[in-house]
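As a plain string of letters, each chain reads:
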Amino acid sequence: LFGTYHLNFTLLCTTSLTDGQTRYSIPEELKQGSVVGNIAKDLGLGLTDILDRKLRVAAEAGKQYFTVDSGKGELVVNDRIDREALCGQSASCVLPLQVVTENPLQLHRIEVEIRDINDNSPVFMTQQKALKIAETTVAGVRFPLETAHDPDVGSNSVKSYTLSKSECFSLKMKEFPGGRQAPELVHELLLTALDGGKPVKSGSMKIQVTVLDNNDNIPVFKKPLYNITVPENNMPSSVLVQVEATDADEGANGQVEYAFNDHTPTTLLSIFHLDVVNGEISLTGQLDYELNSVYELHITAKDKGVPEMEGHCRVQIIVTDINDNVPEIILTSTPSPVREDAAKGTVVALISVRDLDSGDNGKVVLKLSGSSPFILKPSFSNNYALVTSGPLDRESFSVYNVEITATDSGSPPLSSKKSIPVSISDVNDNPPVFSQPSYTVYLKENGVPGSILYSVSASDLDFGENAKVSYSILDSKVQDVSVSSYVYINSENGSIYSMHSFDYEKLKVFQILVQAKDQGSPSLSSNTTVHVFILDQNDNAPTVIYPSSAGLGSLSLQRMPRSAKAGHLVTKVTAVDADSGHNAWISYKVAEATDVRTKRPVSEQDDSSQRLLIAIKDDGEPVQSATVTVSILLEDGLHEPILDIRHKAAESGGKTGRLALYLILSLASVSVLSVVTFLILAVKCVRNNSYVEVLGGDMMSQSQSFRSCMSPMSEYSDFTLIKPSSTSDFKEVLSVLDASLPDSTWTFESQQVSTSDQI
Ligand SMILES: *[C@@H]1O[C@H](CO)[C@@H](O)[C@H](O)[C@H]1NC(C)=O
Ligand SMILES: *[C@@H]1O[C@H](CO)[C@@H](O)[C@H](O)[C@H]1NC(C)=O
């Protein structure tokens, strides 16, 4: 155990890789589930990290020999580990492993050394061998024998050979260049191979010796060892080398035939062909450097003599690498979604690359194609981290397909591509946005409470809960009352409901502050204002405020001197209308009167009691009206000079003659007045207040008289301006009017009528 290697991706990756790494050593062939070591502890991780950070062995191409136990964080054996299958004859067998932890994504490199156990016996390829030896053979002549094979390494592999006891034969070891040893028989019977393991394992073969007649010269190869080099892509059927042996004997004793040694594995026989006659070795199969880079062929040359004599040679074929393997990109950890606010340098995925070729042919460079906010940072050998290199915005790009190209340095180079989907997860970085910066609503007064006043809507560019908008009304005051007692909002869809029927005469405009808030954490919000304008409806009849009615329905008598001249001011009638605009344009009309000739001096023939019914109506839709009845009592005692007697004769014929006094407010006279003047007057007239003077005689043309605040320049400037907020307080108005009247003894009867029908 040498310590722990941590990838620190936030540092520049040029920092040299430290050598310290975790290393375990186990014997091969351990049972599945055997503990290799506590990897969590050795990497400095707590027990909670094992699950939280998903401690695991990175996926490798091929078999997964180890796993991490999620309970204790132990590295355990997952599959049968056969050292011989993994590492063949090489003396050391080390499996590099990558252990991944997430949040943050880190790669730990560990190594597991697989130790050899003596689980293989030495094996002879052939169980029997016949040696043919001439009778005259002198003692000391050597005969090559087959080597036994033991896949184990070191002391567990073949260590020695023994021969069954015999007086005629002995065993010698022959040394080959490179340290290989092979037994050679010097006459004998049973050959046993022993390994050096504990307990010792052995294998043996029988040797049958036949003594024959004379053929004194053995075929001799020109070279005991032929060395050739072949590229792995060499075409089948091409000749690799020609071996040649000569025999000094004459005739059949000197005729040589070539053959592969008896113990040549069939795998080699399927790749190489030896011409029996001329000794040419050619390829019949495909070479593969990655599978086998060195072959050794044992070749025998036999003469045709009796007894036959044979010579031996070896051919060593070295296969050279060709760039025939495409680099392979392996995703060590599948990428999990990256938050759009992830800092620059956040590790998104771990990638490793593999190329089975050697040297430059196996040297791989990774590149990202296209532009994306990611870069590849190299870590230890052939491992890379895909990290963010710039800002991410899910609202612009929610998924990236990062395309990685791996290219080796062979000639010509080979390359492969892999596309890694990286999804960006949402962060609540967009507030809800209302469809308009502010809203204006026109609402008729006297609406039904509980009806939808308006619907606002806001949208949020984020995703899921972060985009789920709820609406609320922020508290504010409307005429000193909380707005929430006027309206409420459907928090889900932004529909605003009225809780009141609004009265234009009391409230003309108000604001509702609406907030839209998303469900993110933390949540974001935005505000908007809904301006509500109440529209006037003609819901108020004109109200007679002078003369005040003495009692409901009672007809009050007024006095007037019989001697009054034409143009005598009898009384004034004043009415107001709480509505606005046309709805408050008031006109007056004498609807019905008894035989009173108000346009001329009162005569002796006139009844002493006169009745006037004055109808007052507005200009709204529907028209609202009121009436007032004025009773006038003519009295003799009150003397006024009668100036014009001529009217009396002219008018005396009609008892029910009517005097119509049309009083029209001059609201529409704007065209002759400057706009400024109009506006000033309009403001003053927000509450229409008008009155009519009931005159005796024809002093005014058409016997009509009207006055309103729209004609302030009139000689009768005794009109009253009433503030909108105090219109209901008629007493105040009355006191003003009383003071302006010459005779306050007149009494009136006032009556409101809802429609114009009665006029
Ligand atoms: C909001 O929901 C209410 C009750 O479901 C519904 O009456 C109203 O029409 C909805 N408003 C909108 C704008 O969909
Ligand atoms: C919305 O209005 C509330 C209350 O006035 C205030 O606290 C909040 O900051 C406002 N929000 C925004 C986004 O302006």
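Residues numbered from 1 in each chain as written. Chains lettered and ligands numbered in written order. Predicted model: local features only at pLDDT ≥ 70, side-chain atom pairs only at ≥ 80, totals over all residues. Heavy atoms only, no water.

Undergrad: Would you take a moment to explain the overall build of the chain for this structure?
TA: The helix and strand tally for the chain stands at 7 helices and 51 strands. Within the chain, buried positions represent 43% of all 759 residues. Across the chain, contacts joining residues at least 24 apart in sequence account for 70% of those joining residues at least 6 apart. Working note: accessible area of the chain is about 38,400 Å², and carbon and sulfur atoms make up 53% of it. (Helix = DSSP H or I, 4+ residues; strand = E, 2+ residues; numbered from the N terminus. Buried < 20%, exposed > 50% of the residue type's maximum accessible area, 1.4 Å probe, protein only. Contact = heavy atoms within 4.5 Å. Areas by Shrake-Rupley, 256 points an atom, 1.4 Å probe, with all protein chains shown as cover.)

Undergrad: Would you mind going over the site of ligand 1 with me for this structure?
TA: Every residue close to ligand 1 is listed here: I452, S455, N490, N493, S495 and Y497. One of the side-chain N or O atoms of N490 is found 3.1 Å from an oxygen atom in ligand 1. Within the side chain of S495, a nitrogen or oxygen atom sits 2.8 Å from a nitrogen atom of ligand 1. Summarising the interface, the protein chains cover 39% of the accessible area of ligand 1, which totals 360 Å² for the free molecule. Within the residue set of the shell around ligand 1, elements represented by two or more residues are β34 (452–455) and β40 (495–498). (Near = heavy atom within 4 Å. Polar contact = N/O pair within 3.5 Å; in protein donor to acceptor, adjacent residues only side chain to side chain.)

Undergrad: I tried to follow the pattern of salt bridges on my own but got confused; where do I start?
TA: A side chain of one charge can pair with a side chain of the opposite charge if their charged atoms are brought near each other. Considering all chains together, one arrives at 18 salt bridges under this definition. With a closest N to O distance of 2.9 Å, R394 and D426 form a salt bridge. Of the two residues, R394 is situated in the loop between β29 (383–388) and β30 (399–408) and D426 in the loop between β31 (415–425) and β32 (433–434); the sequence distance between them amounts to 32 residues. Overall, R394 belongs to the buried group, its relative accessible area being 13%. (Salt bridge = Lys/Arg side-chain N within 4 Å of Asp/Glu carboxyl O.)

Undergrad: Looking at this structure, how should I read the site of ligand 2?
TA: Surrounding ligand 2, one finds L474, Q515, S525 and N527. Contacts to ligand 2 include N527, whose side-chain N or O atom sits 2.2 Å from an oxygen atom. Taking 360 Å² as the accessible area of ligand 2 by itself, protein coverage stands at 35%. Each residue belonging to the shell around ligand 2 can be placed in one class, and the counts come to 1 nonpolar, 3 polar and no charged. (Nonpolar A, V, L, I, M, F, W, Y, C, P; charged D, E, K, R; others polar.)

Undergrad: What should I look at first to understand the sheet that holds β31 in this one?
TA: The strands that make up a sheet pair up through hydrogen bonds in the backbone, lying either parallel or antiparallel. Here we have 4 strands laid out as an open sheet, ordered β25-β31-β30-β27, and mixed in their pairing. The open sheet has two free edges, formed respectively by β25 (338–339) and β27 (364–369), since each of these has just one partner strand. Bridge count between β30 and β31: 9 bridges; the pairing is antiparallel. When the bridges of β31 are listed, A406 appears paired with S416. (Pairing = 2+ DSSP bridges.)

Undergrad: Please clarify how the state of the cysteines should be interpreted in this entry.
TA: In a disulfide, the sulfur atoms of two cysteines are held together by a covalent bond. Following the criterion strictly, the structure yields 1 disulfide and no others. Here C87 pairs with C93 through a disulfide, and the sulfurs are 1.9 Å apart. Taking the sign of the S-S torsion, about 60 degrees here, the bridge from C87 to C93 comes out right-handed. Exposure remark for C93: the relative accessible area of 1% places this residue in the buried category. (Disulfide = S-S within 2.5 Å.)

Undergrad: What is the right way to read the environment of K223 from this model?
TA: Mapped onto the secondary structure, K223 falls in the loop between β15 (220–221) and β16 (225–231). In this structure the C-alpha to C-alpha distance between K223 and V243, which are 20 residues apart in sequence, comes to 8.2 Å.

Undergrad: Got a minute to help me understand the sheet that holds strand β3 (residues 56–57) in this structure?
TA: Strand order in the open sheet formed by 4 strands is β1-β7-β6-β3, with mixed pairing between adjacent strands. Single-partner strands in this sheet number two, and they are β1 (22–27) and β3. By the bridge criterion, 2 bridges tie β3 to strand β6 (residues 94–101) in an arrangement that is antiparallel. Note on β6: the bridge partner recorded for R56 is V100.

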